[in-house]
Structure formats: C-alpha cells, structure tokens
There are 2 protein chains.
Amino acid sequence: MTNKGATAERKLVNLLTDEGFAVMRAPASGGATSRALPDVLAGDGTSLYAIEAKRFTTKQTYVTADEIAALRSFAGNMGALPLVGGRPNIAPGDAAYGDDSLSGWFFMHPDELRETDGGNRAVEKRTLQANGDTLNDLVAHSTL
Amino acid sequence: MTNKGATAERKLVNLLTDEGFAVMRAPASGGATSRALPDVLAGDGTSLYAIEAKRFTTKQTYVTADEIAALRSFAGNMGALPLVGGRPNIAPGDAAYGDDSLSGWFFMHPDELRETDGGNRAVEKRTLQANGDTLNDLVAHSTL
C-alpha cells in the first residue's frame, strides 16, 4: 500500500531542493512525537517558508484550527513565512494542466484562506488556482 | 539494540523544546535521502541554530569536512547559525559533573574547532568544556 499524500509531499521536497532550497521535512504524521510540526521547512538564503502541505482530489480540503495555530507558532519561532501548500488534482481545463513548470502546487498564507464557522480553514481548488502562489513565485520570492 | 547516539540527540531535541524552541530534526542517518542535513534545526523567534550533534565517549571525535560543508551550506540557506554540538561523557572532576542545568551539551561554531590536516574538524572534550557554549548560552542568545 502506498501513501499518496507522503509521495506528493516528497515530490514537493524534491522540487524545492532542485530549485536550490535547503529543505527539512517533518517526520511522517502519526510518528512518536507530540510536537506539532508543519510538513516542510524550506530556505534559500533569502526566504524561509514553513509549509503545511495538503494533497487532495476533491474540490476542497481543510486545515484544522490546531494545524493553523501550530503552523503559525512554528513559523514564528523559525522566522519563516507560514504557508499552506495545496495540490489539487489537475484536470483538462485547469490553468496548470499540461504546464509542468507550475508543478501542481499552489501556496497561500493562512490569512488568505476562508475560515469556517468552526475556525478551520478551507483549501479550495478554485481559490488556489485563482489566487495561490506557484512554486515559481516561491523561487522568485514574490509571495506575500 | 539501542542507538545511543539517536537517544542522546532526541534528548537534545526535548531539552530545546522545553526551553521554548521550535525544533525540527533530520531523518535518522542512513535514511533514504541523498540530501546532506545537519541533525537539528532550532529556533525561538530570536535565534535560529543549525546543529550537527555528536555524542562521544572518548577524548574527542571528528566532524568530517563534508559534514562541515553541508552544515554551513544548510545554515546559510536557512539563515541559521551553524553549530557543532558535542556531548562528551561527563565524569567526576568535569565542570558539568552533577550540574544538570548544563545538560552535558556544549556548542561551538565550526570555525572554532581545530582543523586536522585532512580538513576535518576535531571535537575535543577538553576544548568543548573550556570554550563551548552551554544550552543555557543558547537560550540566552549569548553564542557567537
């Protein structure tokens, strides 16, 4: 049995590494740690990004209020910009379809994500593709 | 069979976490990664430290030239201060003996470590205890 989420996350690590970032990846979820860590920390000497990564196949997924709080706290301690990275399935008609340079990942600051009544944040495919930063934006340091 | 090096390193992670640091730990050595990472990255909103951790029971151990280069490169990309952390066995007569607050770890900048003819760096118990920074120094941001 393969873990597609972990595979996609590893691919993100490789993409960032290929772009010259130093990347540290948190231990797999469910590991023997009580410390709340985001999935990826990546720096290139100019910018430092703490990334909570979500791969999803439906129209949207959620980041819990606890995950957002942990991401903000961790990023604050590391001096990093907190980002939620979403990788929706790319289909014909999507902006990123067939454009490998976009990598399929989009990044948004937690503040930009719609907050639900329960305090969680929605990661929506449509919003990501319309307003999210691409991997190229991260490389070019043109994120928020 | 236990891995005493990994256990000591985990203890360092816990010590730093208890002091309010956000800590990320690299996957165990020998893992399926070709990326050279130091053992620990720790930040508290003021300082960010990249630490290559060495536990040893003899008078000295070594950090290879490759490990030092990887530590410097990684720290540069993360905007962190590169440190070699050494934890020698503490014996009666040592400054840290019986003083749990010192934690047994001492930290030095790679430049401070004696370079061998082969370009490696020596991590010496005597030098660490005489010139190294303690965990308390890291917490107080009084390192180099």
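Numbering of residues starts from 1 in every chain and runs along the sequence as written. Each chain gets a letter, beginning with A, and each ligand a number, beginning with 1, in the order they are written. Reporting in this predicted model follows two pLDDT cut-offs: at least 70 for local features of residues, and 80 or more for side-chain atom pairs to be given and counted; totals over whole chains, interfaces and linings ignore these cut-offs and use all residues. For the side-chain quantities, the full set of heavy atoms in the structure was used; hydrogens and water were omitted.

**Section: the pattern of salt bridges**
For this document, the term salt bridge refers to a Lys or Arg side-chain nitrogen within 4 Å of an Asp or Glu carboxyl oxygen. Throughout the structure, instances matching the rule amount to 10 salt bridges over all chains. Put simply, A:Arg114 and A:Glu124 hold a salt bridge, and the shortest N to O gap is 3.0 Å. Remark: A:Glu124 occurs in strand E7 (residues 121-124) and A:Arg114 occurs in the loop between strand E6 (106-108) and E7; sequence separation between them is 10 residues. Look at A:Glu124 and you get buried, because its relative accessible area is 15%. Across the pair B:Glu67 and B:Lys54 runs a salt bridge, and its minimum N-O distance is 3.3 Å. With B:Glu67 in helix H2 (residues 65-78) and B:Lys54 in strand E3 (residues 48-56), the pair connects residues that are 13 residues apart, well separated along the chain. With a 1.4 Å probe rolled over the protein chains alone, any residue whose accessible area is under 20% of its type maximum counts as buried; one over 50% counts as exposed, and the rest are partly exposed. Classification of B:Glu67 by relative accessible area gives partly exposed; the value is 25%. Classification of B:Lys54 by relative accessible area gives buried; the value is 17%. In this text, helices come from DSSP runs of H or I with a minimum length of four residues, and strands from runs of E with a minimum of two, each type numbered from the N-terminal end.

**Description of H2(B)**
Residue and element names in this part refer to chain B. Expected span of a helix: the number of residues minus one, times 1.5 Å. A rise of 1.5 Å per residue sets the reference length of H2, with its 14 residues, at 20 Å; its end C-alpha atoms lie 20 Å apart and thus fit the reference within 8%. When we look at burial in H2, the residues that qualify are Ile-68, Ala-70, Leu-71, Phe-74, Ala-75, Asn-77 and Met-78. Among the residues trailing H2, Gly-79 stands out with phi positive, at a value near 70°.

**Some thoughts on the confidence of the model for chain A**
Residues and elements named next belong to chain A. Taken as a whole, chain A shows an average pLDDT of 86; of its residues, 85% reach a score of 70 or greater. Think of pLDDT as the predictor's per-residue confidence, scored from 0 to 100. Should any heavy atoms of two residues lie within 4.5 Å, those residues are considered in contact. Considering only residues more than four positions removed or in separate chains, one finds that residues 29-34, a stretch of pLDDT under 50, has zero contacts. Interface confidence in the predicted complex, given as ipTM, is 0.82; pTM for the same model is 0.85.

**Observations regarding unusual backbone geometry**
Its identity as a non-glycine residue notwithstanding, A:His141 has a phi of 60°, on the positive side. Along the polypeptide, A:His141 turns up in the segment after helix H4 (135-139).

**Observations concerning the relation of the copies chain A and chain B**
To go from the first copy of the chain to the second, apply a rotation about an axis and then a shift along the same axis. Each copy is superposed on the other by least squares, with the fit set by C-alpha atoms of residues at a pLDDT of at least 70 in both. With an RMSD of 0.0 Å, the operation that places chain A on chain B is a rotation of 180° combined with a shift of 0.0 Å along the axis. This pairing of chains is accounted for by a two-fold axis.

**Notes on the environment of B:Gly85**
All names here are of chain B. Its place among the elements puts Gly-85 in strand E5 (residues 81-88). For Gly-85, a relative accessible area of 0% translates into the label buried. Between the C-alpha atom of Gly-85 and that of Thr-134, which follows or precedes it by 49 residues, the distance is 9.4 Å. Discounting chain neighbours no more than four positions away, the residues touching Gly-85 are Ile-51, Glu-52, Ala-53, Lys-54, Trp-105, Phe-106 and Phe-107.

**Observations regarding the interface of chain A and chain B**
In this assembly, 24 residues from chain A lie in contact with 24 residues from chain B. The tally of links between chain A and chain B comes to zero salt bridges. Pairing of N or O atoms within 3.5 Å defines a polar contact, subject to two protein rules: one partner must be a possible hydrogen donor and the other a possible acceptor, and residues neighboring in sequence count only if both atoms are side-chain atoms. The interface formed by chain A and chain B holds six residue pairs in polar contact (both at pLDDT 80 or more) in total. When residues of the side of chain A that touches chain B are traced back to their parent elements, those giving at least two are helix H1 (4-18), strand E1 (22-25), strand E2 (40-43) and helix H2 (65-78) of chain A. Classification convention: Asp, Glu, Lys, Arg as charged; Ala, Val, Leu, Ile, Met, Phe, Trp, Tyr, Cys, Pro as nonpolar; all other residues, Gly among them, as polar. Classifying every residue of the side of chain A that touches chain B gives 14 nonpolar, six polar and four charged.

**Focus: the environment of B:Thr46**
You can see B:Thr46 is positioned in the loop between strand E2 (40-43) and E3. Each C-alpha atom, one on B:Thr46 and one on B:Val139, is 9.7 Å from the other, the two residues being 93 residues apart in sequence.

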